[in-house]
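Take a look at the letters that make up each chain.
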Amino acid sequence: MHDLNKKTKHISEFEFIALMAFLAANVALSIDAILPGLTDIGISLSVSEASDLSLIISSVFLGLGIGELIFGTLSDSYGRKPMVYLGVAIFILASMISTTATSIEMMLFGRVLQGIGLSAPRTVSMAIIRDTYQGNQMARIMSFISAIFILIPMVAPLLGQFLLSMFNWQAIFYFQIIFVFVTVLWFRYRQKETLTAEERIKLSRKLFVNDLREFFRHEQTLVYTIIAGLMEGAFILYLSISKQIFQDQYHLVKEFPYMFAVLSFVFGIATFFNGRLVVKYGMHNLVIISLYFFSFTALIYLLVFYNSENPGIMILMSFLFLQFLFLGFIFGNLSALAMQPIGHIAGIGAAVFSFVSMVLGVAIANFFGEFVSTTVLPLFLAFSATGLVALTLLNLVILRKQKSKEFQL
């Protein structure tokens, strides 16, 4: 670890926090800003099936999972800054492909490629923070970054709707290109390289294979990785069908960005406060308690509204408010719990964790997304199913291993 003043002597702590938040925020912007434009994209590409349009959202996550495995490994060998430049170049190329797409297949290819490119600034920003800070200081910086990051999912759909009303859906992609280009220029001239040549790890097939075997050897890591995939599946499903829910089912076209912003705020606040509560209650306890509430809130919705029409929008928002409140506390701890036993291979370990959980999440989201048509019921079915499977894993595997003290809770 290094002192910030040595590594970034020309940048203040506030600017460092803002820069890291903006690097990571490109992911949220590329996903959330496009949501209001899905209908127009469908018309432009002659796509009528809502499930096909939802793939435009989930495909970005697939790219992120693939890209994090690549860039998370390469940044340890070739430095942080070159990987950001490479990722941004891929993202700009991918954005142009998406903007000029004439078929849904071409659009999906561009979106997967966008995710691969965006994985670089997202992954590298976390690596730079680890290079620069440690312990409680790192936790403090991450909390501040989270506070800034909360704003992006709240503002992005509003921005997307504004650009759509003033121009067209292509303008949303052009804005993303401008935003990421300005961010990388800021990064280029203000952020120092935090991984010196002497500290880099020589990339080798043997090292990667050995670290991969080490990852899958730890049962705790595997269990929490699967749980992360289950929860990401529920989250990606919501993102990919939120347009169907609010605009198509509830006919809240203009109100959609505001509904989305409220739930994003709840999720972000829960993630933010998790950093304070985890010290008092512990990561494992917060996860298992939140999973119980998350699962049974969804089950209550299924029992009350099974085989019936959608409830009023305020009732739906109340249920979604609770789901995202609990989901924020779950997400805030899963990666840390998965990484506990494999701190000695943190770089590749984090990359494999992201890849496995993201691919599993995309598969789950695409599966349940096929059933969303006239009601919100499939979303809550997915919430309850993923939550209950996660609880089963915790109770049958983790609690059993606690007796032998193999799990670090």
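Our subject is the structure that appears above.
So, here's what we can say about the structure. It should be emphasised that the depicted structure is a prediction, and the values quoted were computed from it without experimental measurement.

Thoughts on helix α5 (residues 80–99)
Here is step 1: Look at α5: 29 Å from first C-alpha to last across 20 residues, which is about the 28 Å you get at 1.5 Å a residue.
Here is step 2: All of the buried residues in α5 are Arg80, Lys81, Met83, Val84, Gly87, Val88, Phe91, Ala94, Ser95, Ile97, Ser98 and Thr99.
Here is step 3: The elements touched by buried residues of α5 are α2 (13–32), α4 (50–78), α6 (104–132) and α9 (169–190).

Observations regarding the packing of α4 against helix α11 (residues 219–249)
Here is step 1: Their axes nearest at 9 Å, the elements α4 and α11 cross at an angle of 145°. By crossing handedness, the relation of α4 to α11 is classed as right-handed. The segment α4 lies against α11, with Ala50, Leu53, Ser54, Ile57, Ser58 and Phe61 engaging Ile236, Leu239, Ser240, Lys243 and Gln244.
Here is step 2: Each residue belonging to the contact of α4 with α11 can be placed in one class, and the counts come to six nonpolar, four polar and one charged.

Let's talk about empty space enclosed by the protein
Here is step 1: Per the stated rule, a full pass over the model turns up one cavity of 30 Å³ or more.
Here is step 2: By volume, the largest cavity amounts to about 40 Å³.
Here is step 3: Forming the boundary of the largest cavity are Ser51, Ser54, Leu55, Ser240, Ala365, Asn366, Gly369 and Glu370.
Here is step 4: Listing elements by their share of the lining of the largest cavity, those giving two or more residues are α4 and α15 (346–369).
Here is step 5: Among the residues making up the lining of the largest cavity, the classes are represented as two nonpolar, five polar and one charged.

Observations regarding the side chain of Ser354
Here is step 1: Relative to the elements of secondary structure, Ser354 occurs in helix α15.
Here is step 2: When its relative accessible area of 16% is taken as the criterion, Ser354 is described as buried.
Here is step 3: Reaching out from Ser354, the side chain makes a polar contact with the side chain of Glu68 at a distance of 2.8 Å.
Here is step 4: Excluding its chain neighbours within four sequence positions, the residues that come into contact with Ser354 are Gly65 and Glu68.

A closer look at a nonpolar patch on the surface
Here is step 1: Where nonpolar side chains cluster on the molecular surface, the patch consists of Phe162, Met166 and Phe167 and spans about 360 Å² of accessible area.
Here is step 2: Following the sequence through the fold, Phe167 ends up in the loop between α8 (151–166) and α9.
Here is step 3: Phe167 gets classed as exposed once you look at its relative accessible area, which sits at 56%.

Overview of the nonpolar core
Here is step 1: Formed by 122 residues in total, the largest nonpolar core has its most connected members in Phe61, Met231, Phe246, Leu320, Phe324, Leu379 and Phe380.
Here is step 2: Here this core gets 15 residues from one element, more than from any other, and that element is α11.
Here is step 3: Among all residues touching Met231, those that are not within four sequence positions of it are Leu291, Phe294, Leu327, Ile330, Phe331, Leu334, Thr386, Gly387 and Ala390.

Definitions and cut-offs
- Residues numbered from 1 in each chain as written.
- Predicted model: local features only at pLDDT ≥ 70, side-chain atom pairs only at ≥ 80, totals over all residues.
- Heavy atoms only, no water.
- Helix = DSSP H or I, 4+ residues; strand = E, 2+ residues; numbered from the N terminus.
- Expected span 1.5 Å × (residues − 1).
- Buried < 20%, exposed > 50% of the residue type's maximum accessible area, 1.4 Å probe, protein only.
- Contact = heavy atoms within 4.5 Å.
- Axes fitted to C-alpha atoms, helices over the stretch in contact; angles between N-to-C directions.
- Left-handed = near helix turned anticlockwise from the far one by under 90°.
- Nonpolar A, V, L, I, M, F, W, Y, C, P; charged D, E, K, R; others polar.
- 1 Å grid on protein atoms, 1.4 Å probe; cavity = no way out; pocket = protein on both sides within 12 Å on 5 of 7 lines; lining within 4 Å.
- Points joined across faces, edges and corners; volume = space filled by probe spheres on them.
- Polar contact = N/O pair within 3.5 Å; in protein donor to acceptor, adjacent residues only side chain to side chain.
- Patch = residues over 30% accessible without salt bridge, like charges linked within 9 Å, V, L, I, M, F, W, Y side chains within 5 Å.
- Areas by Shrake-Rupley, 256 points an atom, 1.4 Å probe, with all protein chains shown as cover.
- Salt bridge = Lys/Arg side-chain N within 4 Å of Asp/Glu carboxyl O.
- Core = buried A, V, L, I, M, F, W, Y, C linked by side-chain atoms within 4.5 Å.

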